[in-house]
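One letter stands for each residue in the lines below.
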Amino acid sequence: MEAKPTLRALGMPDASCRGVILKCWQELDQAAVDARVLGVIQERLADEFDEVYSPAVIARILADEGAELHHPEVIESDAQWRQQQIKLHSSTPSEEAVAIADDQLTLASAEQLIEKLEQLRSRAEASSVRHLRDIAIEARERAQILAKQQTPAQRAEQLEIAEWLGVWIKTPTLFHDWLELRKRSEDFTRKFSERE
């Protein structure tokens, strides 16, 4: 069930990924490539392509374009990244979130799940954020399926849960504020006031 990001630690990026790497490096306006530059580029690639490339691969592409490398930082950054990948794929830091998501969610457990996912996301490396999104996507799809099979009140709850998960998937940093406003809305109060 665990979805893993596409790992391209040894392979070379295609032309579009190479273009993003070079563009990001130019935008940073940094002649020398250090750990910070590599981290920013990795995040950009993860956002745009859901791909995870090692710092060494990114550094090699930049060196081919004439970038000056801070070799000790590049090597250390790559070693740390590889250790994180081993740790990420040998354990499941999001087991608690998966366990919550595997049950039929209520409004309370959905809020608990999203809170746990957000805690994990805020601490996660770019490579594991995709896994957390996958958990939320699966939970949202399950809520949408359950909404078709239940009473009107249960259907409303499952559709509400699906909406919450959809908002978190698209804008996780804004979710908490959005949820507070949503819970105060007339529509929410009308539908769920008896349950609160």
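Residues numbered from 1 in each chain as written. Predicted model: local features only at pLDDT ≥ 70, side-chain atom pairs only at ≥ 80, totals over all residues. Heavy atoms only, no water.

Here helix 9 (residues 175-184) has its buried residues at Phe-175, Leu-179 and Arg-182. Each buried residue of helix 9 lies within a common arc of 65° when the element is viewed along its axis, so the set occupies one face. Across from the buried face of helix 9, at angles greater than 90 degrees, the exposed residues are His-176, Asp-177, Leu-181 and Arg-184. Residues of helix 9 that are buried make contact with helix 6 (107-123), helix 8 (152-170) and helix 10 (186-192). (Buried < 20%, exposed > 50% of the residue type's maximum accessible area, 1.4 Å probe, protein only. Helix = DSSP H or I, 4+ residues; strand = E, 2+ residues; numbered from the N terminus. Arc of directions from axis to C-beta. Contact = heavy atoms within 4.5 Å.)

It is the contact of helix 8 with helix 9, at a shortest axis distance of 9 Å, that shows an interaxial angle of 150°. Overall, the two elements helix 8 and helix 9 adopt an arrangement that is roughly antiparallel. Between helix 8 and helix 9 lies a crossing whose hand is right-handed. Contacts between helix 8 and helix 9 involve Glu-160, Glu-163, Trp-164, Val-167 and Trp-168 from the former and Phe-175, Trp-178, Leu-179, Arg-182 and Lys-183 from the latter. For the contact of helix 8 with helix 9, the residue count by class is six nonpolar, no polar and four charged. (Axes fitted to C-alpha atoms, helices over the stretch in contact; angles between N-to-C directions. Parallel < 35°, antiparallel > 145°, perpendicular 65-115°, else oblique. Left-handed = near helix turned anticlockwise from the far one by under 90°. Nonpolar A, V, L, I, M, F, W, Y, C, P; charged D, E, K, R; others polar.)

Let us now look at the packing of aromatic side chains. Taken as a whole and judged by the stated rule, the model has three aromatic pairs. When the centroid spacing of 5.9 Å and the interplanar angle of 35° are considered together, the rings of Phe-175 and Trp-178 count as tilted. You can see Phe-175 and its partner Trp-178 sitting in helix 9, three residues apart, about one turn around the helix. A residue is classified by how much of its surface remains accessible, and Phe-175, at 6% relative accessible area, is buried. One aromatic cluster is present, formed by Trp-164, Phe-188 and Phe-192 through successive ring pairs. (Phe/Tyr/Trp six-rings, centres within 6.5 Å; stacked < 30°, edge-to-face > 60°.)

This brings us to helix 6. Here helix 6 is 17 residues long and its end C-alpha atoms lie 25 Å apart, about the 24 Å a rise of 1.5 Å per residue gives. For helix 6, the set of buried residues is Leu-107, Ser-109, Ala-110, Leu-113, Ile-114, Lys-116, Leu-117 and Leu-120. (Expected span 1.5 Å × (residues − 1).)

For the protein chain, per-residue confidence averages 80 on the pLDDT scale, and 80% of positions sit at 70 or higher. Within the protein chain, the element-level pLDDT minimum falls on strand 1 (residues 6-7), averaging 38, and the maximum on helix 9, averaging 93. Segment residues 1-10 is flagged for pLDDT under 50; beyond a separation of four residues in sequence, or across chains, it makes 27 contacts in the model. (pLDDT = per-residue confidence, 0-100.)

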